[in-house]
Amino acid sequence: MPSPTTPPTESPSDSSSNSFPDSPTKPPADTSTEPAPTVEPPPTPGEPVAQAPSVPSVPSAPLPDALVKQWEPMSNVLLAFGPMTLTSGEITWGSGQTSPYTLISTEGGFLLKLEANPSFYDINHPYVKLIPNTDESGTITTVEVAFYEGEAQAQRDEYMMYGTYFVN
């Protein structure tokens, strides 16, 4: 019989029941049969790194043929720029501004990134959105143009200038 000052001890027959699988000093045995995952070593300098396939953010379709033509300014704000001419890869204004463009988006119109970063009223406008309007027969008769100072403003549709062109 243990004395009141001596802690109880285990008997040898109780030791088999004293396994502590959750004990931090004794990790549980790994019973899985799956092999450990392989870890690829980092690439050595000069060795090409495999890249994930890129997803094009630019629509592959060009501007519709109905937009590729010369447009006359209808809005007073655009009169100083003269006619706007669209080709399959360039936009030109009668005032002399010319820029190749990249079609960025077709959501809510045709968002173009102007590579030459043209300046209108002493403000650079590297992005424009063309918003075509049609008549009852579906023919594009006017195009609204929104001018943006940057990509963030274009994404939020915060234009600096807005006007309309028509087909002559």
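Presented here is an overview of the structure given in this document. All values derive from a computational prediction rather than experimental measurement. (Residues numbered from 1 in each chain as written. Predicted model: local features only at pLDDT ≥ 70, side-chain atom pairs only at ≥ 80, totals over all residues. Heavy atoms only, no water.)

### Regarding the overall build of the protein chain
We count it as follows: To qualify as a helix, a DSSP run of H or I must reach at least 4 residues; to qualify as a strand, a run of E must reach at least 2; elements of each kind are numbered from the N terminus. Only protein chains enter the accessibility calculation, which uses a 1.4 Å probe; a residue is then buried when its area is under 20% of its type maximum, exposed when over 50%, and partly exposed in between. Should any heavy atoms of two residues lie within 4.5 Å, those residues are counted as being in contact. The Shrake-Rupley method, run with a 1.4 Å probe sphere, supplies the accessible areas, and residue values consider only the shown protein chains as cover.
Along the protein chain, the regular secondary structure elements total two helices and ten strands. Starting at the N terminus and ending at the C terminus, the protein chain contains elements arranged as β-α-β-β-β-β-β-β-β-β-α-β. Taking all 168 residues of the protein chain together, 26% fall into the buried category. Restricting the contact set of the protein chain to residue pairs at least 6 apart, pairs at least 24 apart contribute 35%. If you sum the accessible surface of the protein chain, you get close to 11,600 Å²; carbon and sulfur atoms cover 55% of it.

### Re the pattern of salt bridges
Definition in use: Each salt bridge in this description consists of a side-chain nitrogen of Lys or Arg and a carboxyl oxygen of Asp or Glu lying within 4 Å of one another.
Scanning all chains against the criterion turns up one salt bridge. The shortest N-O distance in the salt bridge between Arg156 and Glu158 comes to 3.2 Å.

### Examining the layout of surface pockets
Where empty space is left becomes clear once a probe the size of a water molecule has been rolled over the atoms. Keep this limit in mind: Cavities and pockets are found on a 1 Å grid laid over the protein atoms alone: a cavity is a set of points where a 1.4 Å probe fits but cannot escape, a pocket is an open set with protein on both sides within 12 Å along at least five of seven lines, and a lining residue has an atom within 4 Å of such a point. Grid points are joined across faces, edges and corners, and a volume is the space filled by probe spheres set on the points.
Considered as a void within the structure, the largest pocket measures approximately 180 Å³ in volume. Taken together, Ile104, Ser105, Glu107, Leu111, Lys129, Glu151, Ala154, Gln155 and Asp157 make up the lining of the largest pocket. Secondary-structure elements contributing two or more residues to the lining of the largest pocket are β4 (98-105) and α2 (151-155). Of all the elements, α2 adds the most residues to the lining of the largest pocket, at three residues.

### Re the nonpolar core
Our working definition: Here the nonpolar core consists of buried residues drawn from Ala, Val, Leu, Ile, Met, Phe, Trp, Tyr and Cys, with membership extended through side-chain atoms lying within 4.5 Å.
Residues Leu63, Met84, Trp93, Leu130 and Tyr165 are the most contacted members of the largest nonpolar core, which totals 23 residues. Mapped by element, the contributors of at least two residues to this core are β2 (84-86), β3 (90-93), β4, β5 (110-114), β8 (127-134), β9 (140-148) and β10 (161-166). Among the elements that take part in this core, β9 stands out by supplying four residues, more than any other. Formed by five residues, the second largest nonpolar core is a distinct cluster that contains Leu111, Ala146, Tyr148 and Ala154.

### A few points about the packing of aromatic side chains
How we decide: For Phe, Tyr and Trp, where Trp contributes only its six-membered ring, two rings pair if their centres lie within 6.5 Å, and the inter-plane angle classes them as stacked under 30 degrees, edge-to-face over 60, or tilted in between.
Summed over the entire model, instances satisfying the criterion amount to three aromatic pairs. Between Tyr159 and Tyr162, the ring centres sit 4.8 Å apart and the planes meet at 40°, which makes this aromatic pair tilted. Classification of Tyr162 as partly exposed rests on a relative accessible area of 31%. Through a chain of ring-to-ring contacts, the aromatic side chains of Phe81, Trp93 and Phe147 assemble into a single cluster.

### Quick look at the environment of Asn76
The residue Asn76 is located in helix α1 (residues 76-79) in this model. A residue is classified by how much of its surface remains accessible, and Asn76, at 64% relative accessible area, is exposed. Taking the C-alpha atoms as reference points, Asn76 and Gly163, 87 residues apart in sequence, are found 7.9 Å from one another.

### What to know about the sheet that holds β2
For clarity, the threshold we go by: Here a strand pair is declared whenever DSSP counts at least two bridges between the two strands. Throughout, an axis means a line fitted to C-alpha atoms (over the contacting stretch in the case of helices), and angles, computed between N-to-C directions, take values from 0 to 180 degrees.
Strand order in this closed barrel of eight strands is β1-β2-β3-β4-β5-β8-β9-β10, and the pairing throughout is antiparallel. Each neighbouring strand pair of the sheet contributes to a mean axis angle of 35°, computed without reference to strand direction. Pairing between β2 and β3: three bridges, direction antiparallel. Looking across to β3, one finds that Thr85 is bridged to Thr92.

### Digging into unusual backbone geometry
Note: most peptide bonds trans; most residues except glycine with negative phi. Of note, the phi angle at Asp157 is positive, near 60°, even though the residue is not glycine. With respect to the element layout, Asp157 can be found in the loop between α2 and β10. Exposure remark for Asp157: the relative accessible area of 41% places this residue in the partly exposed category.

### As for the environment of Gly89
Looking at the secondary structure, you find Gly89 in the loop between β2 and β3. The partly exposed category is assigned to Gly89, whose relative accessible area is 31%. Remark: the alpha-carbon pair of Gly89 and Val68, spanning 21 residues in sequence, is separated by 9.5 Å. In contact with Gly89, other than residues within four places in its own chain, are Ser99, Pro100 and Tyr101.

Distances and angles like these do not, on their own, reveal function.
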